[in-house]
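The primary structure of each chain is shown beneath.
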Amino acid sequence: MKKETEQKVDIDYADRVVPEEGKKGFVTMFMIMLGFTFFSASMWAGQQLAAGLDFWGFLKSLLFGGAILGLYTGLLGYVGAKTGMSMDLLAQKAFGEKGSYLSSAMISFTQIGWFGVGIAMFAIPVAGELFGDSKTAMWALVIVAGVCMTASAYFGIDSLTVISYIAVPLVAVLGTVAMVMAVRQGNGTIVDQFAVSSGSLTVVGGAGLVVGSFVSGGTATPNFTRFAKDAKTGTIATVVAFFIGNSLMFFFGAIAYIFVGGNDIFEVMIRLNLFYMAVLVLGLNIWTTNDNALYTAGLGLANIFHQKKKPMVLVSGIIGTVLSVWLYYNFTKWLNILNCTLPPVGIILVLSYFMNKKDYEDPVAETQVVNWFAVGGVILGAVVANLVSWGIASINGMVVAAVCYLVGQTVRKKK
């Protein structure tokens with residue numbers, strides 16, 4: 001009886017397939033996924049695109065990179081929705097029970113890092129504007145933001161849904177209004193303003209920035225689409241949300257660069273004397289991604305340490321909050337390197353599902369301890385993605401990982 005009661009209150013189904021009563025419709029899934037993509041660090045990529053391309057090059061990179069990112073996340077969204085499994089449960093099937101610890105550790109480490117960076121991205125500029133760079137005020141804001149964002153992740157998917165329903169419309173509308181106001185105050189059309197800052201970035205290079213900006217977070221897509229009522233809902237909500245959300249963030253970053261030489265819509269809104277709206281947009285924008293990141297980290301650590309999700313969310317939140325300022329100033333480059341390590345995980349999850357569907361449909365199917373070809377594929381893919389300069393890093397890593405996994409599948413069938 002006690003076990004049944006615990007299962008009823010576990011709305012996140014951390015260690016099992018999401019049942020029918022836990023499924024959600026298109027609008028809810030769309031809002032959750034759109035909020036997930038409202039990632040302030042994507043504005044940094046928008047700044048780089050604006051600095052290196054003219055307007056038409058910017059659009060081409062956006063479309064090319066968005067198509068790649070949409071295909072990648074769409075496939076993961078489909079698998080998550082079709083199976084009802086989290087990324088970590090899928091990893092147990094693809095990498096083996098203990099082999100899944102690698103992917104869980106990678107996603108948890110990366111998402112805790114971005115969670116910490118996000119907190120600092122809110123606390124540092126707001127403290128600077130309000131309290132003149134007071135360290136006490138900054139840390140007070142860090143703690144308040146960390147507690148609020150950790151709480152929403154702690155209470156699970158329903159809390160994430162509420163935050164997304166509140167934040168997504170406000171960020172989209174207020175941010176877009178500020179962006180339009182900034183463009184209208186500039187010299188000439190938006191095309192003219194982009195031309196002033198155009199540089200030597202290629203369209204392919206720009207597309208690489210688009211893909212790299214959120215491909216690591218996108219790998220966690222199944223953690224959310226598993227709640228979709230069907231595969232079609234999960235896939236469409238993911239693809240549309242990722243394209244709209246990322247495009248909006250890139251435009252925010254690009255306009256910020258053109259208008260104030262920065263990379264954040266917060267700076268633009270400050271320049272437009274919209275301080276309180278700026279704080280609201282910045283805070284909600286970061287919150288919608290940070291609670292998803294922490295939720296993902298909690299699921300990953302729960303898989304590794306065989307604990308419940310909630311205490312692992314608290315541990316992740318405390319670590320990310322305490323280290324937030326240090327992460328912001330010292331670890332962002334390392335996090336960008338780590339971004340290249342996760343696409344190989346995602347492609348192996350997709351291949352494993354489509355090549356072994358019966359194993360995913362059978363609840364008592366035998367699970368390997370470690371699939372060494374899958375593990376080796378992730379390691380080799382990550383090395384190639386970080387060291388090979390040609391092409392798009394994340395795609396290079398995925399190709400290598402896919403080849404390794406396919407070789408492993410061939411060997412397995414021969415046995």
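Computed from a prediction, not measured in an experiment: that's the story for all the values here.

Definitions and limits used
- Residues numbered from 1 in each chain as written.
- Predicted model: local features only at pLDDT ≥ 70, side-chain atom pairs only at ≥ 80, totals over all residues.
- Heavy atoms only, no water.
- Helix = DSSP H or I, 4+ residues; strand = E, 2+ residues; numbered from the N terminus.
- Rg over C-alpha atoms; globule rule 2.2 N^0.38 Å.
- Contact = heavy atoms within 4.5 Å.
- Phe/Tyr/Trp six-rings, centres within 6.5 Å; stacked < 30°, edge-to-face > 60°.
- Lys NZ or Arg CZ within 6 Å of the ring centre and 35° of its normal.
- pLDDT = per-residue confidence, 0-100.
- Salt bridge = Lys/Arg side-chain N within 4 Å of Asp/Glu carboxyl O.
- Buried < 20%, exposed > 50% of the residue type's maximum accessible area, 1.4 Å probe, protein only.
- Expected span 1.5 Å × (residues − 1).
- Patch = residues over 30% accessible without salt bridge, like charges linked within 9 Å, V, L, I, M, F, W, Y side chains within 5 Å.
- Areas by Shrake-Rupley, 256 points an atom, 1.4 Å probe, with all protein chains shown as cover.
- Core = buried A, V, L, I, M, F, W, Y, C linked by side-chain atoms within 4.5 Å.

Caption draft 1: Region of the structure containing the overall build of the chain. From N to C terminus, the chain includes 21 helices and 0 strands. Computed over C-alpha atoms, the radius of gyration of the chain comes to 21 Å, within 12% of the 22 Å expected from 2.2 N^0.38 for 415 residues, which places it in the range of a compact globule. Structurally, the chain occupies a C-alpha span of about 65 × 50 × 35 Å along its principal axes. Within the chain, counting contacts between residues at least 6 apart in sequence, those at least 24 apart form 85% of the total.

Caption draft 2: Structural context of the packing of aromatic side chains. Enumeration according to the criterion identifies 20 aromatic pairs in this entry. With a centroid separation of 6.4 Å and 55° between ring planes, the pair formed by Trp44 and Trp114 is classed as tilted. Residue Trp44 is found in helix α3 (residues 41–52), and its partner Trp114 is found in helix α6 (residues 100–131); the two are separated by 70 residues along the sequence. Through a chain of ring-to-ring contacts, three or more aromatic side chains come together here, namely Phe36, Phe39, Trp44, Trp114, Phe214, Phe224, Phe242 and Tyr295. Across from the ring centre of Phe259, 5.9 Å away, lies the NZ or CZ of Arg271, which sits over that ring.

Caption draft 3: A look at the confidence of the model for the chain. Per-residue pLDDT for the chain averages 90, and the proportion of residues at 70 or more is 97%. For residues 1–7, every residue scores under 50 in pLDDT, and the model assigns this stretch 2 contacts once sequence neighbours within four places are set aside.

Caption draft 4: Inspection of the pattern of salt bridges at higher detail. Within this structure, the stated rule accounts for 3 salt bridges. Arg412 serves as the salt-bridge partner of Asp359, at 3.4 Å between the closest nitrogen and oxygen. Of the two residues, Asp359 sits in helix α19 (residues 357–361) while Arg412 sits in helix α21 (residues 393–414), which places them 53 residues apart along the sequence. A relative accessible area of 39% places Arg412 in the partly exposed class.

Caption draft 5: Structural detail: helix α18 (residues 343–355). Taking 1.5 Å per residue, 13 residues should reach 18 Å; α18 reaches 18 Å between its end C-alpha atoms and fits that length. Among the 13 residues that make up α18, 10 are buried, leaving the element largely enclosed by the rest of the structure. Here α18 has its buried residues at Pro343, Pro344, Val345, Gly346, Ile347, Ile348, Leu349, Val350, Ser352 and Tyr353.

Caption draft 6: Geometry of unusual backbone geometry. The phi dihedral of Tyr13 is positive, around 45°, even though this residue is not glycine. For Tyr13, the position within the fold is in the loop between α1 (2–9) and α2 (26–37). For Tyr13, a relative accessible area of 8% corresponds to the buried category.

Caption draft 7: Local environment of the environment of Tyr257. Relative to the assigned elements, Tyr257 resides in helix α12 (residues 231–260). C-alpha separation for the pair Tyr257 and Leu272, spaced 15 residues apart in sequence, amounts to 14 Å.

Caption draft 8: Layout of a nonpolar patch on the surface. A surface patch of nonpolar side chains, about 730 Å² in accessible area, is lined by Phe26, Val27, Leu63, Tyr165, Ile236, Val239, Val240, Phe243 and Ile244. Elements supplying a minimum of two residues to the nonpolar patch: α2 and α12. Top contributing element to the nonpolar patch by residue count: α12, with 5 residues. Note on placement: Val240 falls in helix α12.

Caption draft 9: Representation of the side chain of Asn285. In this fold, Asn285 is placed in helix α14 (residues 275–305). You can call Asn285 buried: its relative accessible area is 2%. Leaving out residues up to four positions away in the same chain, Asn285 has contacts with Phe38, Phe39, Ser40, Met43, Val171 and Met249.

Caption draft 10: Spotlight on the nonpolar core. Within the largest apolar cluster, 124 residues are counted, with the highest numbers of intra-cluster contacts made by Phe95, Ile348 and Leu349. In this structure Phe95 touches Ser100, Ser103, Val345, Ile348, Leu349, Val369, Val370, Asn371, Ala374, Val375 and Val378, once residues within four positions along its chain are discounted. The next biggest cluster of nonpolar side chains, apart from the first, holds 6 residues, and it includes Ala297, Leu301, Ala302 and Ile304.

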